[in-house]
Each structure stands twice: as C-alpha cells, then as structure tokens.
Amino acid sequence: MTDLSVLDLSPIVEGSDASQSLANSLDLARHAERLGYKRFWLAEHHNMPGIASAATAVVIAHVAGADTNGLGAAGGIMLPNHSPLVIAEQFGTLAALHPGRIDLGIGRAPGTDMGTARALRRNLEAGVDNFPQDVVELMGYFQPAEEGQRIRAVPGEGQGVPVWILGSSLYGAQLAAMLGLPYAFASHFAPADLDHALDVYRSRFQPSEQLDKPHVMLGLNVFAAPTDAEARLLFTSLQQAFVNLRTGRAGRLPPPVENYDRDLDPMAKTMLGQALSCAVVGSPETVRQGIDAFVRRTGADELMVTAQIFDHAPRVRSFEILAEAHKSLSQAA
C-alpha cells in the first residue's frame, strides 16, 4: 500500500502567532510518528503571513529533535534562493544530528513573490536558469570528498542525503527522470499537469545510484472529520485562504464559515475547482474511498498529505482518521 507522509505548512491562523504555529507543528509531528506516517515535510515559503516555515532547516531541527525518532524529517527547499553549498551544509548538519532520518526536496520556484525573491537572492539573473547545474553541484557535496577537493560541505560530505525533485510542471519531471531521483508533484495546489508529468517522469526515468526505478510522491489535501458536513466546513478555511492569495490579499488562515462557496462568484468557484481538485474531504468512509481512488488513478508510491485546518485538535483528528483509513486499505490489500 502507498506510504503516507505529512506536509505541514505550519499555518499561522487568525488570532494566533508563529510561536503557537511552530508548537502545533511539533505536536503534529509527534502524532504523525505515533500514527505511522513515514516522513514529515516542511516547505520553504517567504513573505507569507499565514506560513511559519520560512527558515525550513531550523523548523526541521525543531521537529526532528523532539522525541520523533521513528519519523523521517524532510524539507522542501527552493534552491534558486540559496547557494548549493549553504543547503548542503544545512542538511548535512541535520543529517549528522539525525542520521538516516533527513530527506531534501529541492524545487525551482522562489516560493514567494518576485520582490521578496530579489530581497532573498539580490541577483535574479542566474538562479532559475542554473537550476539543473545547482542540483548536481548540491548532490556532489553529499558525496565523499575527493583528493584535492577545494570546496567541501562540512558537515555534509559523505552523508548521502536523499534528494528529491519537487515540481508542478513537466520541467521537474524531466529533470528528476534524467537524474534518476524521486519526484514529488505539487498536485495539492497545482494539479493541471499531473497526468502528463507522471507519464514523462516514468517513461524517461534513468536509474541512478540513489534510485533504481521511478518513485512518485503526490501532494493531496485531505480534510477528514466524523461526518462529510463537518469535513466540508473545515475545508472552507483553505478555500478562503486560496481565494485571498489569488486576489492579492494573502493573510493568516481564516476560521471556517458555513456555506462559504454558496456566495462565491463563478470565477472564484472555477479557480478553486481547478486548483484544489486533488482533495479528499469527508467522513472516514469518504476518505477511505477517496484516497483509494486517487492512488488507483495515479499509481502514487507515496502521498504527501496536507490539511490546512484552523483549529489544531480537528487537524490532528483529520490525520488520525486518514491513518485509520490507510490501515483499513492496507489490510484489505
């Protein structure tokens, strides 16, 4: 049965702050370990009032160092924002602190707006265009140092940190296939090219030292609750946040509201229907059927599940319901 991992955006909700958000992330990681999730992913976003994981490596250290030894910790890093050496040192340090538990996902997007990207990088001329070369350079820093090598990642060299390519387009699929790396597709918010990207990645995959056959992880929104109606209500927080983001009003995660989509204009409804089409929202049985159908359709090797739920207790419960549904499907298989 497909593995389950958590994608935690460490949401900052209305009326709260980053300190509480990061405390909630740690608590969720502890529950994820107890429930049998494989990895706990955190992602790099900048200048986002509702996301507390900008310093991704720091948050991974926070999560990995707190009695979660059975849980892998992973980071989605937007490599054009950084030099490959800096990321190799950061994740080499994490791997030295937590051997065998650290994965590194790298993406080509800035994870922010262009003004903030300029503030991060200072120079935008080469970042995205050099992405393939930067990926290869970064991977090289995790290999044992060669004799006479002048620039080394310490910690980092010889760590063999597993590297993933993150993407939402055919570009990432092609690069992951060419380098023989596992591929994570952001279908939880950008599903348009999902089927085409899967076909490109699987058909062009070249085995590597890290991976002998294609391995796909797909992002999926899962909002689970005791009833379908309760789950749909929880889902409205993400719907509101997405509409706010796409209309230039990004903010903290709003509380759920009854009948949110009833008064939405047609353009907003269409946008939500497209962007959030990879979502399973409902009761335990609805969730069980939904993830089974999604995995059968896509052949995903792993699901990276996210749930932008306003209150922390229902968010934890959602992941519990999903774990129970996953266990039921595994036993049936």
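Cut-offs and rules
- Residues numbered from 1 in each chain as written.
- Predicted model: local features only at pLDDT ≥ 70, side-chain atom pairs only at ≥ 80, totals over all residues.
- Heavy atoms only, no water.
- Helix = DSSP H or I, 4+ residues; strand = E, 2+ residues; numbered from the N terminus.
- Rg over C-alpha atoms; globule rule 2.2 N^0.38 Å.
- Buried < 20%, exposed > 50% of the residue type's maximum accessible area, 1.4 Å probe, protein only.
- Contact = heavy atoms within 4.5 Å.
- Areas by Shrake-Rupley, 256 points an atom, 1.4 Å probe, with all protein chains shown as cover.
- Lys, Arg positive; Asp, Glu negative; His and termini not counted.
- Charge placed at Lys NZ, Arg CZ, Asp CG, Glu CD.
- Salt bridge = Lys/Arg side-chain N within 4 Å of Asp/Glu carboxyl O.
- Pairing = 2+ DSSP bridges.
- Right-handed = clockwise from strand over helix to strand, strands pointing away.

**Student:** Explain the overall build of the protein chain to me, and be specific about the residues and the numbers.
**Tutor:** Counting secondary structure elements, the protein chain contains eleven helices and nine strands. A compact globule built from 333 residues would reach a C-alpha radius of gyration of about 20 Å, and the protein chain, at 19 Å, matches this within 12%. Viewed in the frame of its principal axes, the protein chain has a C-alpha envelope of about 65 × 50 × 40 Å. Expressed as a percentage of the 333 residues in the protein chain, the buried residues total 51%. Counting contacts in the protein chain only where the partners sit at least 6 residues apart, residues at least 24 apart contribute 72% of the total. Summing over all exposed atoms, the protein chain offers an accessible surface of approximately 14800 Å²; the carbon and sulfur share of this is 51%. A distance of 2 Å separates the average location of the 26 positive side-chain charges in the protein chain from that of its 36 negative side-chain charges.

**Student:** Quick rundown of the pattern of salt bridges? Include the residues and the values.
**Tutor:** Going through the model one piece at a time under the given rule, you end up with twelve salt bridges. A salt bridge links Asp8 to Arg315; the shortest N-O distance between them is 2.9 Å. Of this pair, Asp8 sits in strand E1 (residues 3–8) while Arg315 sits in helix H11 (residues 312–332), placing them 307 residues apart in sequence. Each member of the pair, Asp8 as well as Arg315, is classed as buried. Across the pair Asp103 and Arg39 runs a salt bridge, and its minimum N-O distance is 3.4 Å. Placement of Asp103 in strand E4 (residues 102–107) and of Arg39 in strand E2 (residues 39–43) is noted, with a sequence separation of 64 residues between them.

**Student:** How would you sum up the environment of Phe205? Please name residues and give values.
**Tutor:** Within the secondary structure, Phe205 sits in the loop between helix H7 (194–204) and strand E7 (216–224). Phe205 gets classed as buried once you look at its relative accessible area, which sits at 10%. Counting along the chain gives 27 residues from Phe205 to Met178, while the straight-line C-alpha distance between them is 6.1 Å. Excluding residues that lie within four positions of it along the chain, Phe205 makes contacts with Ala176, Ala177, Gly180, Leu181, Leu211, Asp212, Lys213 and Pro214.

**Student:** Any details on the pairing of E4? Residues and values, ideally.
**Tutor:** With six of its six residues buried, E4 lies for the most part within the structure. Relative to E4, strand E3 (residues 72–78) is paired through six bridges, and the arrangement is parallel. Bridge pairing links Met78 to Gly107 in E4. Between the parallel pair E3 and E4, the chain is carried across by helix H3 (residues 84–97), and the sense of this crossover is right-handed. In terms of strand pairing, E4 meets strand E5 (residues 163–167) through three bridges, oriented parallel.

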